[in-house]
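Read off the chains here:
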Amino acid sequence: MVEHLAEYKILIADALNIGVKLEDETKTCCFLASLPDSYETFIDSLSNKIEDKTLKFNDVAAALISYDIRQRDRDLNRESTSEALTVRGKSDKKNSASYHMCPRKDWFVKFEKFDGPRVFMGNNNTCKLEGIGKIRLNMNDGVIQELDDVRYVPKLKKNLISVGELDSRGFEMTLKGGVFKVYSNG
């Protein structure tokens, strides 16, 4: 993506050299529109952060480079193909997932629809809770694990697994070398 950014900056410089003046907002919007579909999450996260402010091209470029580095690090360190939220820092009830949550209705093997409350997210947005049920997870070793009382929240981007919920159900957990493992206590 660094090459894409460099090529875009060359296009902007070429436009300036022939007398075309581009407003910062125009440069930014055109650049975001030029990104491949795989950067949809990056664009969404920018939109959630700005609200009424306009994005500056240099801020977006810096954020993109940072995002790209995080993605490469994640891909290098990934031991699993499953989707999950990576959380860093101390967990407490106020700042952590209180329930397991999943945006994929097709993952539920048991599902009860209901008109639930809104879930407050870390980016200050809220998402509507639309059901509860059971999902099955295929582990890397071929074992299938079930999670009960999973909330269906269609607007989430990733699955959330509540460490507090696992702890309250007697699971043991370790975090070593950047790998988080959950063990059944029984």
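Residues numbered from 1 in each chain as written. Predicted model: local features only at pLDDT ≥ 70, side-chain atom pairs only at ≥ 80, totals over all residues. Heavy atoms only, no water.

1. Quick look at the pairing of strand E7 (residues 172-176)
Where E7 and strand E8 (residues 179-183) come together, five bridges link them in antiparallel fashion. Along E8, the bridge assignment pairs glutamate 172 with tyrosine 183. Between E7 and the antiparallel strand that follows it, E8, lie two residues; glycine 177 among them carries a positive phi value of about 60 degrees. (Pairing = 2+ DSSP bridges. Helix = DSSP H or I, 4+ residues; strand = E, 2+ residues; numbered from the N terminus.)

2. As for the environment of methionine 121
Secondary-structure assignment places methionine 121 in the loop between strand E3 (118-120) and strand E4 (126-128). Residues methionine 121 and leucine 156 lie 35 residues apart in sequence; the distance between their C-alpha atoms is 9.2 Å. For methionine 121, the contacting residues outside a window of four places in its chain are Cys127, Leu156 and Leu160. (Contact = heavy atoms within 4.5 Å.)

3. Focus: the nonpolar core
Ranked by size, the top nonpolar core spans 16 residues in total, and within it Phe31, Leu32, Leu35, Tyr39, Phe42 and Leu64 carry the most contacts. For this core, the secondary structure elements donating two or more residues are helix H1 (2-17), helix H2 (24-34), helix H3 (40-50) and helix H4 (57-77). Here this core gets five residues from one element, more than from any other, and that element is H4. (Core = buried A, V, L, I, M, F, W, Y, C linked by side-chain atoms within 4.5 Å. Buried < 20%, exposed > 50% of the residue type's maximum accessible area, 1.4 Å probe, protein only.)

4. What about the packing of aromatic side chains?
For the coordinates displayed, the defined rule picks out six aromatic pairs. Arranged with centres 5.9 Å apart and planes meeting at 80 degrees, the rings of phenylalanine 108 and tyrosine 152 form a pair that is edge-to-face. With phenylalanine 108 in strand E2 (residues 108-113) and tyrosine 152 in strand E6 (residues 144-152), this residue pair connects regions lying 44 residues apart in the sequence. Judged by relative accessible area, phenylalanine 108 falls into the buried class, the value being 10%. On the numbers, 5.6 Å between centres and 80 degrees between planes, the contact of phenylalanine 111 with tyrosine 152 is edge-to-face. Of this pair, phenylalanine 111 sits in strand E2 while tyrosine 152 sits in strand E6, placing them 41 residues apart in sequence. You can call tyrosine 152 buried: its relative accessible area is 11%. Through a chain of ring-to-ring contacts, three or more aromatic side chains come together here, namely Tyr8, Phe31 and Phe57. Across the ring face of tyrosine 99, the terminal group of arginine 151 is positioned such that the distance to the ring centre comes to 3.7 Å. (Phe/Tyr/Trp six-rings, centres within 6.5 Å; stacked < 30°, edge-to-face > 60°. Lys NZ or Arg CZ within 6 Å of the ring centre and 35° of its normal.)

5. Observations regarding the environment of lysine 56
Along the polypeptide, lysine 56 turns up in the loop between H3 and H4. According to the relative accessible area criterion, lysine 56 is partly exposed, its value standing at 45%. Through-space distance from the C-alpha of lysine 56 to that of threonine 26 is 9.7 Å; in sequence the pair is 30 residues apart. Those residues in contact with lysine 56 that sit more than four places away from it in its chain are Asp24 and Thr28.

6. Quick look at the confidence of the model for the protein
The predicted coordinates ought not to be read in detail in places where the model reports low pLDDT. Mean pLDDT over the protein stands at 76; residues scoring 70 or higher make up 79%. Element-level pLDDT for the protein is lowest in H3, with a mean of 70, against a maximum mean of 93 in E2. (pLDDT = per-residue confidence, 0-100.)

7. A short note on the packing of H1 against H2
For any two helices packed against each other, one specifies the crossing angle of their axes together with the interaxial distance. Where H1 contacts H2, the axes come no closer than 11 Å and their chain directions differ by 140 degrees. Here H2 runs oblique to H1, going by the angle between their axes. Considering only the axes of H1 and H2, their crossing is right-handed. Contacts from His4, Leu5, Tyr8 and Ile12 of H1 reach H2 at Thr26, Lys27, Cys30, Phe31 and Ser34. Of the residues assigned to the contact of H1 with H2, the class counts are five nonpolar, three polar and one charged. (Axes fitted to C-alpha atoms, helices over the stretch in contact; angles between N-to-C directions. Parallel < 35°, antiparallel > 145°, perpendicular 65-115°, else oblique. Left-handed = near helix turned anticlockwise from the far one by under 90°. Nonpolar A, V, L, I, M, F, W, Y, C, P; charged D, E, K, R; others polar.)

8. A word on the pairing of strand E5 (residues 131-138)
Pairing analysis gives five bridges linking E2 to E5, with the strands arranged antiparallel. From the neighbouring strand, lysine 113 faces E5, where its bridge partner is glycine 131. The pairing of E5 with E6 spans seven bridges and is classified as antiparallel. Note that in E6 the partner of glycine 133 across the bridge is valine 150.

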